[in-house]
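If you want the building blocks of each chain, they are given just below.
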Amino acid sequence: MEITRDLKNHKVQLSENAIALVKKICRRFNYQEGELINILHAVQSQFGYLPAEIQELIAKELDISVAKVYGVVTFYSFFTMKPKGKYPISLCMGTACYVRGAENILNEIKRQLNIDEGETTPDGLFSLSSLRCVGACGLAPVLLVGEKVYGRVAQADVRKIISEYKAGCLTHPTKE
Amino acid sequence: MTDYRMNILVCGGTGCRSSEGATLYDELVSLLADKGLEKEIQVVSTGCFGFCEKGPVVKILPDNTFYVQVQAADAREIIEEHIIKGRKVEHLLYTAPETGKKVSDSKHMDFYKKQVRIALRNCGFINPENIDEYVAREGYAAMAKCLGEMTPEQVIKEIKKAGLRGRGGAGFPTGTKWELTRKSEADQKYVVCNADEGDPGAFMDRSILEGDPHSVIEAMSICGYCIGADKGLVYIRAEYPLAIKRLKIALEQARNYGLLGENVLDTGFNFDIELRYGAGAFVCGEETALIHSMEGKRGEPTFKPPFPAEKGYLGKPTNVNNVETYANIPPIINKGSKWFSGIGTEKSKGTKVFALAGKINNVGLIEVPMGTTLREVIYDIGGGIKGGKEFKAVQTGGPSGGCLTKNFLDTPIDYESLTEAGSMMGSGGMIVMDEDDCMVSIAKFYLEFTLDESCGKCNPCRIGNKRLWEILDKISKGNGTKEDLNRLKLLSNVVKDASLCGLGQTSPNPILSTMDNFWDEYLAHVEDKRCPAGQCKAMMQYVIDPNKCTGCTLCSRICPVAAIEGERKKPHEIDPEKCIKCGACMEKCKFEAISVA
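On a predicted model such as this, the values are computed, not experimentally measured, just so you know.

This part takes up the overall build of chain B. Scanning chain B from terminus to terminus reveals 23 helices and 20 strands. Expressed along its principal axes, the backbone C-alpha trace of chain B runs to roughly 85 × 65 × 40 Å. In chain B, buried positions account for 60% of the 597 residues. Of the contacts made within chain B by residues no fewer than 6 positions apart, 69% connect residues no fewer than 24 positions apart. Surface accessibility of chain B: about 23,200 Å² in total, with carbon and sulfur atoms responsible for 49%. Distance between charge centroids for chain B: 2 Å, based on 75 positive and 81 negative side chains.

Written out as C-alpha cells, the structure is:
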C-alpha cells in the first residue's frame, strides 16, 4: 500500500503513513520483545510482506537488534521478504497431494508462468509457493489461488486456471 | 437443536467448505426462508464428519439420512423432496461399492461401522460456534465435576488410571506429565496446547478445533486446576484461519458463561486462555522449540532436561499436550477411567484419530480403538485401494515415521507395535500408497521436507539430512552405486543417533524403513538403472504403441512442448529429446496407447 519500491536499487521507501502504522502496531503490543512474532504477523497482514526497511524500523521500536528480527523473519516460512503477486498461487505439497501427482502440477505451473517457487511474475500478477497440507486431502491434489481452493487438479487444468485469472473472470470456479 | 422439527447438518470442515460447502449452506438457509420453514427446520454448520472423500456431506436429523457430494444446486431438491414431502433424495445417497446398493444412514456405512469416536465425539454433531450445543452434550460437566467434587490429585490419579498417552506422537503418559508439572514449585505455571500440526497430510487437530473447540478449552481448564496454573496458551498455526476463528468465538462464549476467567463457577479457580500464532515451522511441534516460538524467538529446540514441566514458557513450569490429548480428557472424567481403559490394548488405551489419505477410496478423518489392525483401517474403513490397484505401502508418523508393507497389514495399531514394525504412531497421518509409487521418491520427498524444516541448530540434522537427500537424488536420477546404498544406511544411523531433537532423531526413518522393506527397489535403481514403479523421470521414456494409436492427434495437441508428431489417423511418435516427461499425453490418451518404458 504505502510502499514505493525502487526496483533498480532494491530499496524500499516507506511513506510516513506506513511508518506511523508500523509504530502503532509496535505500541499495541507494548513494545514487548516476546510479542515479536505477533507484531510481524500484524505488519505483514498490512503490507503483504516484510522488506528490510520495515524490519529495521521494528527493531528500532522494540530496541532489539535488526539481526534478531531478521533471524525470526527468515526462520518461519509464513513470513516473506518479497512481495507476493496479485494472485498468489500456492500448491499443496503435503504427502496426500504428492502421491496424487502434485509435483507434476507444480512443474506445469512453473512452466506456464516461467517462474520458480518463491518468485513473482514480472507483471506482478502471479507468485508461486508450495505449502504443506491445507487439510483438504479428499480433494488432492489441491491448488490455491489466494483463498480460492481448486481440488482434484489435473495437469491440463493449470493453463485454464491461469488464463481465467489473466482474463479477469475471477469468480468462475472450475469443477470436474 | 431440540426446538426444531428437523435439523440439516452441513459439514463446515475445510475439506467440504473448499468444495463449495459454504455456498450450499447459504442456499439451504435462503430456500428454507422462502418456504417459511426457518422456525421449524434449522441448518447447522458443523465440524468435520470425516468422510471427506465424498464431500460436501449433509446429514438430516432425526432420521440420520446421510447425503454425499451435495452441490449447491441440490439444495432445492433436498428441501422440496426430503424436508417437505418426506422422500429421500435417492441420487444423493451413498452407494456401497461392494453391493452397489444405496445406504441411507451413516450407521450402516462401512466407513463408520468400525469407528469409535471419543476425541471426535462432537465433530459433525454440533454447531461449534454455539456453546449451548456443546453444553447439551455433557459439555463442561467434567470441569464442574473436577472443580466441585475432586482434588487435583484425584483428577491426576484418574487420568493416570485411564492410561491416556500423548497423542502428538511420542506417547508419554499424560497423567504423569501433569503430576510432574504439579510437583514443580513456582509462583506461575502455564498450560499449553500444541496445535502446531505440521505433518504434511495430517489434519486431525485442525478438525477437532474446527468441530469442537470447547472440548479443548474445557480440558485445558481441568489441566490448569490440576497443575496449579491460571493461564493457558494455545499455540496454533496461522495457516488455520477457520480453526482460529472458531476458537476465538468459543473462548468469548466461555468467558461470557463464566466458564473461563476469574472465579470459575464460583469455586475461586481462575483460568484464562490466550492464542499464540505459529508461523510455519515444523520443528515448533517439538515442545521446547514451541515454547521458544511462543516467546517470540526462533523456534529452535533446546536440550532436555530441563523438561518444560520444570522450566518451560518464560522459565516457568509448563504442561504441553496436543489437541487430541486434551479432547480425550472430558470423556475420561465424565465416564471414568475404567470405561476408557477398557478400550484399546494393554499398553495403549483408548482410541486414535487418523487422517487417512493417499491412494485410498475413502479419504477422511477416522477414529478407531487402539489395537485395530492396519488391514481393517485400509480395507474396511478406507474401502481399499483406489482404481483397484495393488496395495504397496502405508506410511504412518509423517516425516518421522516409516513405510509398512503388506506383511504388516495385520499389525495392531498401538504405540509399541508400530515402533517395532519400523514406523511410529506419530500424530496420526496415514498415507496409503499403491504400485505406482516409487519408494526411493517417497523417501526423497520426506527428506526434502526435513531439509526445509531443519532449524539448523545442530550439525547432524542440518548437514546430515542434506547429504542424505543428495544421495537419494543421485539414486533417483540413475547415477547411484551400490556403495551409495551403504553410505545411505550408515549416515542415516549417524543422524538418528547424534541429532539434538526429535526432528533429526527420526528424520532418517523414511529412508531406513523403505530400505528394509523395499531393498529390491533400491537395488533396481542402482544396478539396473530402472525405477520399477515408473516414477523416476530420469530413468523413463514415454512411448506410443503404434498398434494402439489411432492417430486422433489429441496427444500432440495436449503436449506442452510439441514433442509429439504424426499425421492424422496415423500412429504418432514422441521425440525423446524434446519430451519433458510430464505425462500429460498418457493421462489424456483414450486408447491406452502411451506407456512408460
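What follows concerns the side chain of Asp434(B). Residues and elements named next belong to chain B. In this structure, Asp434 sits in strand 16 (residues 429-434). A polar atom in the side chain of Asp434 sits 2.9 Å from the backbone nitrogen of Asp436. Every residue in contact with Asp434, bar those within four places of it in the chain, is listed here: Lys359, Ile385, Lys389, Glu390 and Lys392.

Two aromatic rings, taken as a pair, are described by how far apart their centres are and by the angle between their planes. Residues and elements named next belong to chain B. Under the definition given, this model contains 20 aromatic pairs over all chains. With a centroid separation of 5.3 Å and an interplanar angle of 70 degrees, the aromatic rings of Phe445 and Tyr446 are classed as edge-to-face. When sorted by exposure, Phe445 lands in the same class as Tyr446, which is buried. An aromatic cluster is defined as three or more aromatic residues linked by ring pairs; in this entry it consists of Phe49, Phe51, Phe66, Tyr94, Phe111 and Tyr112. The ring of Phe354 has Lys352 sitting right over it, with the charged end atom 5.6 Å from the ring centre. When the ring centre of Trp519 is taken as origin, the NZ or CZ atom of Lys489, which lies over that ring, is 5.5 Å away.

Residues and elements named next belong to chain B. Taken in spatial order, the five strands line up as 13-12-16-14-15 in an open sheet, and their pairing is mixed. Looking at which strands have only one partner, the edges of the open sheet turn out to be strand 13 (364-369) and strand 15 (402-404). In this sheet, adjacent strand axes meet at a mean angle of 30 degrees when their direction is disregarded. In this structure, strand 14 (residues 391-396) lies alongside strand 15, joined through three bridges in antiparallel fashion. Paired with Thr396 across the bridge in strand 15 is Gly402.

Residues and elements named next belong to chain B. Once the domains are mapped, chain B shows domain 1 (6-111), domain 2 (131-340), domain 3 (351-434), domain 4 (439-527) and domain 5 (541-596). The interface is formed by 16 residues belonging to domain 2 together with 20 residues belonging to domain 3. Where domain 2 meets domain 3, there are two salt bridges. A salt bridge links Glu324 to Lys352; its shortest N-O distance comes to 2.6 Å. Counting the contacts that link domain 2 with domain 3 gives eight residue pairs in polar contact (both at pLDDT 80 or more). Of all elements in the fold, only helix 8 (204-211) and helix 12 (323-335) reach the threshold of two or more residues within the side of domain 2 that touches domain 3. For the side of domain 2 that touches domain 3, a count of residues per class yields five nonpolar, seven polar and four charged.

This brings us to the UniProt feature "binding site: [2Fe-2S] cluster" (unreviewed entry) in chain A. All names here are of chain A. Mapped onto this structure's residue numbering, the UniProt feature "binding site: [2Fe-2S] cluster" (unreviewed entry) falls at Cys92, Cys97, Cys133 and Cys137. For the annotated residues, spread through 46 residues, the largest C-alpha to C-alpha distance comes to 9.4 Å, consistent with a single compact locus. Excluding residues that lie within four positions of it along the chain, Cys92 makes contacts with Cys97, Ala102, Leu131, Cys133, Val134 and Val142. Tracing the backbone through its elements, the reader meets Cys97 in helix 5 (residues 95-99). Sequence-distant contacts of Cys97, that is, excluding residues within four places in its chain, are made with Cys92, Ala102, Ala140, Pro141 and Val142.

Cut-offs applied
Residues numbered from 1 in each chain as written. Chains lettered and ligands numbered in written order. Predicted model: local features only at pLDDT ≥ 70, side-chain atom pairs only at ≥ 80, totals over all residues. Heavy atoms only, no water. Helix = DSSP H or I, 4+ residues; strand = E, 2+ residues; numbered from the N terminus. Buried < 20%, exposed > 50% of the residue type's maximum accessible area, 1.4 Å probe, protein only. Contact = heavy atoms within 4.5 Å. Areas by Shrake-Rupley, 256 points an atom, 1.4 Å probe, with all protein chains shown as cover. Lys, Arg positive; Asp, Glu negative; His and termini not counted. Charge placed at Lys NZ, Arg CZ, Asp CG, Glu CD. Polar contact = N/O pair within 3.5 Å; in protein donor to acceptor, adjacent residues only side chain to side chain. Phe/Tyr/Trp six-rings, centres within 6.5 Å; stacked < 30°, edge-to-face > 60°. Lys NZ or Arg CZ within 6 Å of the ring centre and 35° of its normal. Pairing = 2+ DSSP bridges. Axes fitted to C-alpha atoms, helices over the stretch in contact; angles between N-to-C directions. Domains from an automatic or database assignment. Salt bridge = Lys/Arg side-chain N within 4 Å of Asp/Glu carboxyl O. Nonpolar A, V, L, I, M, F, W, Y, C, P; charged D, E, K, R; others polar. UniProt positions renumbered as here; feature names shortened; annotations may be inferred.

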